[in-house]
Amino acid sequence: MADLSLQYNDMIETENESLRERVSDLEKKALDQGDEIVCLRSTLADVLRRLTLLENAVNSRGGLSPSSTGTVTPVRNGGFRGALNNHISQLKDGPLGGSRLRQPMYHQSSVESNNSIKEIAHRSNVPTALPQRRGVHYQSTGSLHSDSPSSNSVSPVPTSPSPTHTPPPRVSPSPRQSQPPTPTRSTNSNLHFAKRWSSTGDFNNSPHNGGSMNSRLATKSLLNLNVRVQSPHNMLKHGTRDATYNEEEKILRMFLRGRPIILYAPSSLAETYDITKVTTPPQSKLKLDWVYGYRGRDCRSNLYLLPTGEMVYFVAAVVVLYNVEEQSQRHYLGHTDDIKCIAIHPNKLLVATGQCAGHDRRESRPHIRIWDSVTLNTVAILGAGDFERSICCISFSKADGGQLLCAVDEANDHNISVWDWQKGERGQRITETKCSVDTVIAAEFHPLERNCIVTCGKSHISFWTLDAGGTLYKRMGIFENRDKPKYVTCVAFNHLGDVITGDSNGSLIIWARGTNTVSKLVRGVHDGPVFSVCALKEGSIVSGGGKDRRIVQLDSQLNASGLERQVPDHAGGIRVISEGRGSQLLVGTTRNCVLVGSLSMGLSTALTGHLDELWGLAVHPSLPQFVTAGYDKSLNLWDSMSHSLIWSKDLSEAAQSAAISPDGSIIIVGCVTGHWFALDSQTREIFTTHADGAEPIQVIKFSPNGQFLALGSRDNNVYIYQCGGDTRKYNRVGRCMTERKRKRSSSLTSFLGHSSFITHLDWSADSQLLRSNSGDYEVLYWNAGLCRQVPQSSSMRDVEWASNSCTLSFETIGIWPEGADGTDVNFCDRANNKKLLATADDFGKVKLYTYPVTQPRSLCHSYGGHSSHVTAVTFLHDDSRLISTGGKDTAILQWAVV
């Protein structure tokens, strides 16, 4: 028994000595690198856990404990528990406290005790504490030094390789007498004091989720360090999945692209904050109220008039039914991504629309939706999983009452397929065949001949026949000795059943019914390509030019009637012409405008939209108005009540950002070249121009009192201007930039300021401080009057901010998905009543949260409509509506808050 006691003491002393050496190494690292005591305590928790498991294993194996035998020799510094308590007490006083840990002397353990420890560790599946053990990987907590002069609010991912593992010599275990019990935490152990960080991994075990706190595999807290976690070198941490909250420091840490983001909890929330709670979605919801824009720049045959008096067209992922006379809109929202084509059933009530592939391979597969234009209910969904890229053109059969539908896939082979769409909810594909290796622009069923389809595109026109067995036969159009056009751009049918096509040469051709040869060719109808041909009910033909912007009327045999009209230059070329009521025409243009009128009375603009990517959005501080600016070099002021364009201003440069002064009299527009303009909101006059750097001005913010203007640039700097008494004079105060700062106690140099481009800005309510986010996920604070960084980020936890557009803040933790990589959320905006927060993300979604969104797991309402990344969202001054802008889809969606 005495030998076993000595062996036990030697084993404990060996473990203590290893612990001392490890703590000493950590002390040196803490002093050299400036890590906080949080890192040491977190690592100590790992050591405490191992020792606790080892002690329990020893007790279970041999029935020995310092209290169970009277012959055990006391171990220096109070034995096993005394040694641990001594370590903890000394750690509390150092190394950051000023005193170093002493290194007491120990006996050297024998070879037998070493082998005994290895055997016990091997049997209990616990890593041995001997020098051969694998090094412990842990996250760097250097980013916790927010009170230090370091400019970065995050710390980089550790890049040093892990120590090479040397396996211990294999020891033959002795036969087991009984299965050792599962180690449990002792009531007098110090381990339960070691956990200071609570994590979102505890959610599944929290009482709020109805789970058990005893599952050790469902949590990522320090209590479960015996579960092997994948090294950060192999897998970067993203989003809020690995978020943790330090209850003592009142700090929340989340990860974006593997970098920890440190956020300080406000004092009002810090004491009662529970990271495992789930925030419910808000009671308020969004309803799509109005859509500004039309897709005419790259889509054809996408404008029709319905018997309800509504014109139907699409933009982004929304089909709009717009009644011009009543100034009302309805919206079909069944699609999940860009709509590329539309067709009207012969009964004029059913509508078919086709979309392209989207972000989500399952939910955004290319498909066709057939829906009722009166009830907006979906009737059938065709081809989900059958189409490859997108549906570029579709058409209902006409001679048989619309029983069939043909579609062309915009894949490499441009496959054409024919569907019996009424068979079930998914329809039945009758046949599919390769259409052309070249681009296909249009596909139309013949209005008088059953099972006849005409397709046209690059250097071809094809006449298809569908036989009774479901096979398609193709005849190519023959141009003979006539000039073969580069593109056959549009197709229509006159009252005799002849096919009429327009081409890129500006010519119109008649193909006689039932043939594939040219019957009549009329050259020079337009100067440039003919983008649209429309056969009117009274027999005449109307054609539209994409370059000359002319609408020309001819008779059924293409003889000129003398009637024509040219649309304004700002509207662009003619993209599509559709017949309206009486002599009325609906005209869609290449600059995303829709005009309504007649050739005799003239045309007026019914709606207009942006032509290129949208990024600038700002709302008026007291009126229901907002401005938008984009890469099309256009600045537009809109009225949200009348749903109309108040004025438009052509800029000399592509716009990136916009802002309106607190009194509403001045509009600031930032451009992609580093220039920015100041305009009068009434006269549209540009009265001053400035340039700050050569990179885009990403964000512009007026201070709440209107005395300062902050501009965040892509050159990593924030420029501060002082506004004059009438806000027409701007004097630069300085720039918040990256600067070097040498520490007094060492030769190391730290950097203040952002190391990446500025993404978001917020002013404090007193107009004294700025909060900024950057492209590398930094959160920095600035004294605006001095243009100096405030290094003590912890002192900013209780600042009242006039807005909350920074996506990285304690109040916006929950807007980040669990697997977010830092680019998922583009913008956020807080309602003026501070009850709601809206976000714009990279997946075409607008989301509505309850403000503040301080819980990593916060539920929300999600809304589709945009087909591209949503670039900005902003509440109107009275919070009655929300405006969102799309990137590539160029759409502006107005949502009612209900």
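With an unreviewed UniProt entry as reference, the protein chain is termed Echinoderm microtubule-associated protein-like 2 isoform X5, source organism Thrips palmi. Here is the UniProt Sequence similarities (unreviewed entry) comment for the protein chain, exactly as written: "Belongs to the WD repeat EMAP family." In UniProt, the protein chain has this text filed under Subcellular location (unreviewed entry): "Cytoplasm, Cytoskeleton".

S.K.: It is not clear to me how the overall build of the protein chain should be interpreted in this structure. Could you clarify?
M.R.: Secondary structure assignment for the protein chain yields 5 helices and 60 strands. By the burial criterion, 56% of the 898 residues in the protein chain qualify as buried. Within the protein chain, contacts between residues separated by at least 24 positions form 51% of all contacts whose residues are at least 6 apart in sequence. Carbon together with sulfur atoms contributes 48% to the accessible area of the protein chain, which is approximately 38,300 Å² in total.

S.K.: Explain the UniProt feature "repeat: WD" (unreviewed entry) in the protein chain here, please?
M.R.: In this numbering, the UniProt entry assigns the feature "repeat: WD" (unreviewed entry) to residues 607–648, 751–783 and 863–898. Secondary structure content for residues 863–898 is 0% helix and 53% strand, while the C-alpha to C-alpha distance between its ends is 14 Å.

S.K.: Honestly, the pairing of strand 40 (residues 666–671) in this entry has me stumped. Any pointers?
M.R.: By the criterion of burial, strand 40 is predominantly enclosed, with 6 of the 6 residues buried. Residues Ile666, Ile668 and Gly670 line one face of strand 40 and the alternating positions Ile667, Val669 and Cys671 line the opposite face, and both faces are buried. Where strand 39 (residues 655–660) and strand 40 come together, 5 bridges link them in antiparallel fashion. Paired with serine 657 across the strands is glycine 670, a residue of strand 40.

S.K.: I would appreciate a short explanation of the sheet that holds strand 12 (residues 350–355) in the present structure.
M.R.: What links the strands of a sheet is backbone hydrogen bonding, and the strands pair in either a parallel or an antiparallel sense. Read from one edge of the open sheet, 4 strands run 11-12-13-14, paired in antiparallel fashion. Since the sheet does not close on itself, it has two edges, and those belong to strand 11 (339–344) and strand 14 (378–382), each with one partner. In this sheet, neighbouring strand axes are inclined to one another by 20 degrees on average, regardless of whether the strands run parallel or antiparallel.

S.K.: Where do I start with the environment of asparagine 415 in this structure?
M.R.: Relative to the assigned elements, asparagine 415 resides in strand 17 (residues 415–420). Classification of asparagine 415 by relative accessible area gives partly exposed; the value is 21%. Between the C-alpha atoms of asparagine 415 and glutamate 388, which are 27 residues apart in sequence, the distance is 9.5 Å. Setting aside residues no more than four positions away along its own chain, asparagine 415 makes contact with Ala407, Val408, Asp409, Glu432, Thr433, Lys434 and Cys435.

S.K.: What is the right way to look at the confidence of the model for the protein chain in this model?
M.R.: A low pLDDT means the predicted coordinates there should not be read in detail. Overall, the predicted model of the protein chain reaches an average pLDDT of 80, with 72% of residues at or above 70. Low confidence marks residues 62–234, where pLDDT is under 50. Its contacts with residues over four positions away, or in another chain, come to 309 contacts.

S.K.: Can you help me understand unusual backbone geometry in this one?
M.R.: Glycine aside, residues mostly have negative phi, and peptide bonds are mostly found in the trans state. With an omega of 0 degrees, the peptide bond running from tyrosine 851 to proline 852 counts as cis. By the secondary structure assignment, proline 852 is in the loop between strand 55 (846–850) and strand 56 (857–858). Here arginine 549, not a glycine, exhibits a phi torsion of approximately 60 degrees, which is positive. Structurally, arginine 549 is set in the loop between strand 28 (541–545) and strand 29 (550–554). On the basis of relative accessible area, arginine 549 is assigned to the buried category, the value being 17%. A positive phi angle is found at threonine 890, which is not glycine, with a value near 55 degrees.

Cut-offs applied
- Residues numbered from 1 in each chain as written.
- Predicted model: local features only at pLDDT ≥ 70, side-chain atom pairs only at ≥ 80, totals over all residues.
- Heavy atoms only, no water.
- UniProt positions renumbered as here; feature names shortened; annotations may be inferred.
- Helix = DSSP H or I, 4+ residues; strand = E, 2+ residues; numbered from the N terminus.
- Buried < 20%, exposed > 50% of the residue type's maximum accessible area, 1.4 Å probe, protein only.
- Contact = heavy atoms within 4.5 Å.
- Areas by Shrake-Rupley, 256 points an atom, 1.4 Å probe, with all protein chains shown as cover.
- Pairing = 2+ DSSP bridges.
- Axes fitted to C-alpha atoms, helices over the stretch in contact; angles between N-to-C directions.
- pLDDT = per-residue confidence, 0-100.

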